[in-house]
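# Summary of structural features
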Amino acid sequence: MITREEETFVLTKAYVPEHIVSLMNLISKGDPFLIKDHLVFAKDNWLILVGYPLEETFSQERCEGILERAVDAFRPEVLWFIGPESPGSLIDLCTEKETDRYFTLDIEQTPIKHSLQRAAGKASEKLIIERGRSMEKEHETLISELLGREKLPERVRELYRAMPEYVGRSSTAWTLNARDHAGRLCAFMVVDLGAKNFSAYILGAHSKKDYVPHASDLLFLEMIRLTREHGKSSINLGLGVNEGIERFKRKWCGQPSLRYEFRERRYGAARKVSLINALMGKWNCTKSFVGNP
């Protein structure tokens, strides 16, 4: 486990959402550790290695050494790697892989387009923005509506499902809510302010049933205000995920930045377990062997 001083160090050096210790801890239920300047999360028989170094420049060779130390220390049955480039030993031995890019927005160097200001202004005539620190049944209803109409990667779907518990227990997560004048929740965003130098856009959703045009744009503008109020100059907008989400981030001048690779490797006779189940705390720690049910 990392100490409070080490967590402060991590949050000071953080530059991707996976460096936000409380976010990863609450979502994964895993315990955080530091191996040199790399953050890892471990629980039961699995391990998440965050391959973005906190101090040194990334190198595939150095990351390979961190990976070896992590596997020797925790002896996982299943390893999940997240980083800019996979260590060589994972490339040919992984059972699952995914590539993407983070999008970032420098709010000090990027002026807001007049067209977006006008769109948000029109939405503000029909909506009231509020900031909250919890998620209620109405948020879950919007999430269910979204998941029913959109084809999203399963890990993203489970992230949405994990949000109510995460926001309720986090000291750094905020909800930005857009309500119509009847009080109905039309859209929301979740933002984490745990990192020292950036805010992290976690996810958002809007209603088609109680649809108000440009509600998400109005919330994005509020996220910029919140970021500025907390002395941060940039927003990590997360991954592209799909064409629609990437288009929205690019519309607000989000720029593709760091590469993202996800890899999964199983060691030995690892019982079938997904990252999704691990992140939701659904994997029992009992080791499995060939022939066990």
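All figures in this text were calculated on a predicted structure; none of them were measured in a lab.

### Comments concerning helix 5 (residues 114–124)
Here helix 5 has its buried residues at Leu116, Ala119, Ala120 and Ala123. Viewed end-on, helix 5 has its buried residues packed into an arc of 95 degrees, placing them on one side of the element. Facing away from the buried side of helix 5, by more than 90 degrees, are the exposed residues His114, Arg118 and Lys122. Contact partners of the buried residues in helix 5: strand 6 (127–132), helix 8 (215–229) and helix 9 (243–251).

### As for the side chain of Ser86
Looking at the secondary structure, you find Ser86 in the loop between strand 4 (78–83) and helix 4 (88–91). Judged by its relative accessible area of 1%, Ser86 is buried. Of note is the side chain of Ser86, whose polar atom sits 2.5 Å from the side chain of Glu261. Contacts of Ser86, omitting those with residues within four sequence positions, involve Gln60, Phe81, Ile91, Glu261 and Arg263.

### Focus on the sheet that holds strand 9 (residues 198–206)
Taken in spatial order, the eleven strands make up an open sheet running 1-2-3-4-11-5-10-9-8-7-6, and their pairing is mixed. The sheet is open, and its two borders are formed by strand 1 (31–35) and strand 6, each paired with just one other strand. On average, adjacent strands in this sheet sit at an angle of 25 degrees to one another, irrespective of strand direction. Sheet topology note: the strand 6/strand 7 (residues 173–180) ladder contains six bridges and is antiparallel. Considered in strand 7, the bridge of Leu127 is made with Asp180. Contacts from helix 2 (residues 21–28) reach strand 1, strand 2 (38–43), strand 3 (46–50), strand 8 (185–192) and strand 9, with the element oriented near 20 degrees to strand 2. In the packing of helix 9 onto the sheet, the strands contacted are strand 5 (96–106), strand 8, strand 9, strand 10 (234–239) and strand 11 (255–266), and the crossing angle to strand 10 comes to about 165 degrees.

The rules behind each value
- Residues numbered from 1 in each chain as written.
- Predicted model: local features only at pLDDT ≥ 70, side-chain atom pairs only at ≥ 80, totals over all residues.
- Heavy atoms only, no water.
- Buried < 20%, exposed > 50% of the residue type's maximum accessible area, 1.4 Å probe, protein only.
- Helix = DSSP H or I, 4+ residues; strand = E, 2+ residues; numbered from the N terminus.
- Arc of directions from axis to C-beta.
- Contact = heavy atoms within 4.5 Å.
- Polar contact = N/O pair within 3.5 Å; in protein donor to acceptor, adjacent residues only side chain to side chain.
- Pairing = 2+ DSSP bridges.
- Axes fitted to C-alpha atoms, helices over the stretch in contact; angles between N-to-C directions.

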